[in-house]
Amino acid sequence: MRHLLLGIVTLTLSGCFGERDRIYTVDELMADKSLLAKIKSECRDNPGALRQTPNCQNAEAADWKLWLQLTPGG
């Protein structure tokens, strides 16, 4: 019975952590420009709370790398 209860709690909690909590790599964000734009927008809308999160930092790095690729000699 205890194992059943533990299993139910585990399954219930696993639904709480989905795509929203996923940390995207710089390469993933560079490959998906719409996702990059979405994350950058969220970070800009709430910089005090989100600026230091991994997704905002990775989005900033991905944006910078994409910008460097577009500049001459980059």
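Here, the structure is the one placed above.
Chemist: Explanation requested: the packing of helix α3 (residues 33-45) against helix α5 (residues 54-70) in the structure shown.
Modeler: When two helices pack together, you describe them by how their axes are tilted relative to each other and by the distance separating the axes. Between α3 and α5, the shortest axis-to-axis distance is 9 Å and the interhelical angle comes to 125°. Judged by the angle between their axes, α3 and α5 are oblique. As α3 packs across α5, the resulting crossing turns out to be left-handed. Contacts between α3 and α5 involve Lys 33, Leu 36, Ile 39, Lys 40 and Cys 43 from the former and Asn 55, Cys 56, Ala 59, Ala 62, Asp 63 and Leu 66 from the latter.

Chemist: Help me understand α3, please; the structure alone is not making it clear to me.
Modeler: Structurally, the α-helix is built with 3.6 residues per turn, so residues lying three or four positions apart point the same way. Given a rise of 1.5 Å per residue, 13 residues ought to cover 18 Å, and the 18 Å separating the end C-alpha atoms of α3 matches this to within 8%. Of the positions making up α3, those classed as buried are Leu 35, Leu 36, Ile 39 and Cys 43. Within α3, the buried residues cover an arc of 100° as seen down the axis, which keeps them to one side. For α3, the exposed residues lying more than 90 degrees away from the buried face are Ser 34, Arg 44 and Asp 45. Where α3 is buried, its residues touch α2 (26-31), α4 (47-50) and α5.

Chemist: For this particular structure, what's the right way to read the layout of surface pockets?
Modeler: The method is simple in principle: a probe with the dimensions of a water molecule rolls over the atoms, and the space it marks as empty is what remains. Here the second largest pocket is characterised by a volume of approximately 210 Å³. Lys 40, Cys 43, Arg 44, Pro 47, Arg 51, Cys 56, Gln 57, Ala 59, Glu 60, Asp 63 and Trp 64 together form the lining of the second largest pocket. Elements supplying a minimum of two residues to the lining of the second largest pocket: α3 and α5. Class assignment of the residues belonging to the lining of the second largest pocket gives a composition of five nonpolar, one polar and five charged.

Chemist: Is there a simple way to think about the nonpolar core in this case?
Modeler: One recurring pattern in soluble globular proteins: nonpolar side chains tend to sit buried together. Among the nonpolar cores identified, the biggest contains twelve residues, and these are Tyr 24, Val 26, Leu 29, Met 30, Leu 35, Leu 36, Ile 39, Cys 43, Cys 56, Ala 59, Ala 62 and Leu 66. What Cys 43 contacts, discounting residues up to four positions off in sequence, is Leu 50 and Cys 56.

Chemist: Before we go on, may I ask you to explain a nonpolar patch on the surface in this structure?
Modeler: There is a patch of nonpolar side chains on the surface, built from Trp 64, Trp 67 and Leu 68 and spanning about 350 Å² of accessible area. By the secondary structure assignment, Leu 68 is in helix α5.

Reading the values: rules and limits
Residues numbered from 1 in each chain as written. Predicted model: local features only at pLDDT ≥ 70, side-chain atom pairs only at ≥ 80, totals over all residues. Heavy atoms only, no water. Axes fitted to C-alpha atoms, helices over the stretch in contact; angles between N-to-C directions. Helix = DSSP H or I, 4+ residues; strand = E, 2+ residues; numbered from the N terminus. Parallel < 35°, antiparallel > 145°, perpendicular 65-115°, else oblique. Left-handed = near helix turned anticlockwise from the far one by under 90°. Contact = heavy atoms within 4.5 Å. Expected span 1.5 Å × (residues − 1). Buried < 20%, exposed > 50% of the residue type's maximum accessible area, 1.4 Å probe, protein only. Arc of directions from axis to C-beta. 1 Å grid on protein atoms, 1.4 Å probe; cavity = no way out; pocket = protein on both sides within 12 Å on 5 of 7 lines; lining within 4 Å. Points joined across faces, edges and corners; volume = space filled by probe spheres on them. Nonpolar A, V, L, I, M, F, W, Y, C, P; charged D, E, K, R; others polar. Core = buried A, V, L, I, M, F, W, Y, C linked by side-chain atoms within 4.5 Å. Patch = residues over 30% accessible without salt bridge, like charges linked within 9 Å, V, L, I, M, F, W, Y side chains within 5 Å. Areas by Shrake-Rupley, 256 points an atom, 1.4 Å probe, with all protein chains shown as cover. Salt bridge = Lys/Arg side-chain N within 4 Å of Asp/Glu carboxyl O.

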